[in-house]
Every structure is written in C-alpha cells, then in structure tokens.
Amino acid sequence: MIIVLKPGSSEADIEDVSRRVRELGFKTHLSRGEVRTIIGIVGDDRAKEQLLALQSLDSVENVVRILQPFKLASREAHPDNTQFKVHGVPVGGDQIVVMAGPCSVESQPQLTAVAESVKAAGAHVLRGGAFKPRTSPYAFQGLEEEGLTLLRAASKSTGLPVVTEVMEPDKVEVVAEHADILQIGARNVQNFSLLKRVAECGKPVLLKRGMSTSIQEWLLSAEYVLAGGNPSYTLDLNAIPVVKKLSHLPIFVDPSHGTGHWEYVSAMAKAGLAAGADGLIIEVHNNPAEALSDGPQSLKPTKFAQLMAELRPLAQVLGRTL
Ligand code: MN
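The rules behind each value
Residues numbered from 1 in each chain as written. Predicted model: local features only at pLDDT ≥ 70, side-chain atom pairs only at ≥ 80, totals over all residues. Heavy atoms only, no water. Helix = DSSP H or I, 4+ residues; strand = E, 2+ residues; numbered from the N terminus. Expected span 1.5 Å × (residues − 1). Buried < 20%, exposed > 50% of the residue type's maximum accessible area, 1.4 Å probe, protein only. Contact = heavy atoms within 4.5 Å. Donors = N, O, S within 2.8 Å, 3.2 Å for Na, K, Ca; no water. Pairing = 2+ DSSP bridges. Axes fitted to C-alpha atoms, helices over the stretch in contact; angles between N-to-C directions. Parallel < 35°, antiparallel > 145°, perpendicular 65-115°, else oblique. Left-handed = near helix turned anticlockwise from the far one by under 90°. Nonpolar A, V, L, I, M, F, W, Y, C, P; charged D, E, K, R; others polar. pLDDT = per-residue confidence, 0-100.

**Q** So what about helix H11 (residues 301-317)? Which residues, and what values?
**A** Here H11 spans 25 Å end to end across 17 residues, near enough to the 24 Å set by a 1.5 Å rise per residue. Buried residues of H11: Phe304, Leu307, Met308, Leu311 and Ala315, and no others. Looking at the buried positions of H11, the neighbouring elements they touch are strand E7 (97-101), helix H3 (108-121), helix H10 (262-274) and strand E14 (279-283). Gly319 lies just past H11 and shows a positive phi near 80 degrees.

As structure tokens, then:
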C-alpha cells in the first residue's frame, strides 16, 4: 500500500500520518517528489482495513494498493527516478555513468595501469573483482582481501570510486569497508541472506540480473535491499524500457558479460544507452591476452577510450551528459 499526501502537506502532516502507520505495525518509506509526498508502507496485510481508513485524514489524498509484488521498487511508490551520488558521481540523473576496469584484480601494476587508463578516458567508477565466482573450482578465484586493498589504493590515487562484488554474507562488512558500491553477481541475485546483509551496509548496491531471472524476480530481489533500509542502488539488463516503466531505480548495462566478446561491446554499449540505460559497466584490461579471467571480452585501454569518445555525442543526442 502507499499513502499519497495532498500537495503542500506540512512536515507535521507527514509525521502525523507516518506515526499512525507505524502504530499499526508497519514500516514507512518516505518518497518526497517535487509536488507531493508518498508514504510507502511495508508489512503484512492484516491491518489493511485500518490503513484504508486513514483516507479520512485531511492531509491524505488517497490510500492505494500497489498491485506489483515489489512495492518499494515500483514506480507507484516512487514516481520520480531515484538519484544519488557516489563520491560526487551522480547516478540516475542526466549523467551517464561509466564503470570500467578489469574483470579480476590480478596485481598492483595491472590494476594501476588499467585504473589510470580508464580514468584518462573519462570513466567515472573503477570496477574490479577481488572475490571471483567461477564456474570451475580450478579457475582463478581472485586475490580476495589483498585485491580489496589494491582497489582501495587505486581508488585513492585516481579519485575514482570503486565497485566490486561480494559473494558471501560474512564478507559484506570487509567489502563495504573498501568499496563504494557493492555488486551482487548474477549467480547471487536470489541469495536472500546475502541481499539482507548488503541491505544493512548502507552502501549503494549494483544488483545484476540472474541468467534466467524474470524481471519480476529481479525486482523482488531489489525489494529485499530496499526493504532492509538501503534506498540507493543500481541495476543492469536488456529489458531496460520495461524496468524503467515498472521501477524508479537506475539501470546499468554490462555489455562485456552480456556479449562475452570484446568486438561486440561497443555496439551493445551504444544500444544500451539508446534504450535508456543510466550507465554502463565495462571490462578493460591492459593485456587481455594474458588476463586471468574474461580476457576475450575485455577492451584494451585504447579501444575503451575510443568507445568513450563515440558515446559522448550519442549521450548528447539522447539528452544526457557523459
Ligand atoms: Mn568478468
């Protein structure tokens, strides 16, 4: 359910309605739009009739049932696009945000070289994996904590915030200490205990779509993060306009993992922006031929710089900035 307040409701009105909702045993999530404030309500439906009765209050315009199973992620509960900043980088607004870097953090020289080149090409966020979910137990599993330390150092020297994946609930705390955005990988999109933990960490979450996850399942996973008290995060996908209609959350496209081949990354990055994505996450490696993971889909720094140069005029045509 959501409660739509009348335009011009005062702070006292908002607090009065919120308090009544909480007293009925629900949690409230405020969404302040330009014109009106909406109170999102989370909890089980037992006191539904009492909620509907709040419609009689002077400050309440309407009490509306949300039909989508995802409540807080839905556009009904939050008509305006979600926007937030990560170390000064605005996400979810007109600015297209590009996250770039190696699949895996392999060594200090490798990460430094890639971080400096993506920064020079205009990337906004540094990506890099420290904990790597690999299909084979014999594949490179990542540098783990050492990788996090290297990411933090590269972030400090370049000024780029860092996004990196967290795979286990017990590692959320240490990853959140080193990273500015926590990524939930495609394999973990329905790992609900992990989602609950990242919801508590207070940092933005990049929630990847699972390999066969429906849009509804994906947004319900986002709901776990929002319901846990974490309002800011990002998504990625092919179903951009569908999710844009259903949800206010920013959407990112990953043309590297989406295609698996560097030659297709540029075309799909452009297609993603054209479809309405708020940003991109792209794998870049200084020596893809010797990369310990995902070399075939990694762009060389010069190719990444060329792509950024091609994306700028496209962003402008779309009414965005890059
Ligand atoms: Mn990868």
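And the narrative resumes.
**Q** Hey, could you go over the coordination of the manganese ion for me, with residue numbers and the actual values?
**A** Only Cys103 (SG), His257 (NE2), Glu283 (OE) and Asp294 (OD) from the protein reach the manganese ion as donors, at distances of 2.0 to 2.3 Å. Each donor residue of the manganese ion belongs to the same chain, with the gaps between them written as C-x153-H-x25-E-x10-D. Here the residue Cys103 occupies a position in the loop between E7 and H3, and Glu283 occupies one in strand E14, the gap between them amounting to 180 residues. Glu283 carries the same exposure label as Cys103, and that label is buried.

**Q** Report on the pairing of strand E3 (residues 37-42), specifying residues and quantitative values.
**A** Taken residue by residue, a regular strand's side chains alternate between the two faces of the sheet. Summarising burial for E3: five of the six residues are buried, a large majority. Sheet topology note: the strand E1 (residues 2-5)/E3 ladder contains three bridges and is antiparallel. Note that in E3 the partner of Ile2 across the bridge is Gly40. Where strand E2 (residues 27-32) and E3 come together, six bridges link them in antiparallel fashion. Each residue of the ladder has a partner; that of Ser31, found in E3, is Ile38. Connecting E2 to the next strand, E3, in antiparallel fashion are four residues.

**Q** An account of the packing of helix H6 (residues 192-201) against helix H7 (residues 215-227) is requested, with residue identities and associated values reported.
**A** Put simply, H6 and H7 touch, their axes get as near as 7 Å, and they point 40 degrees apart. With respect to H7, the element H6 is oriented oblique. As H6 packs across H7, the resulting crossing turns out to be right-handed. Only Ser221, Tyr224 and Val225 of H7 make contact with H6, whose side of the interface consists of Phe192, Leu195, Lys196, Val198 and Ala199. Tallied by class, residues from the contact of H6 with H7 come to six nonpolar, one polar and one charged.

**Q** Please set out the confidence of the model for the protein residue by residue, giving values where relevant.
**A** Per-residue pLDDT for the protein averages 92, and the proportion of residues at 70 or more is 97%. Averaged pLDDT values over the elements of the protein bottom out at 60 in strand E12 (residues 233-236) and peak at 98 in H3.

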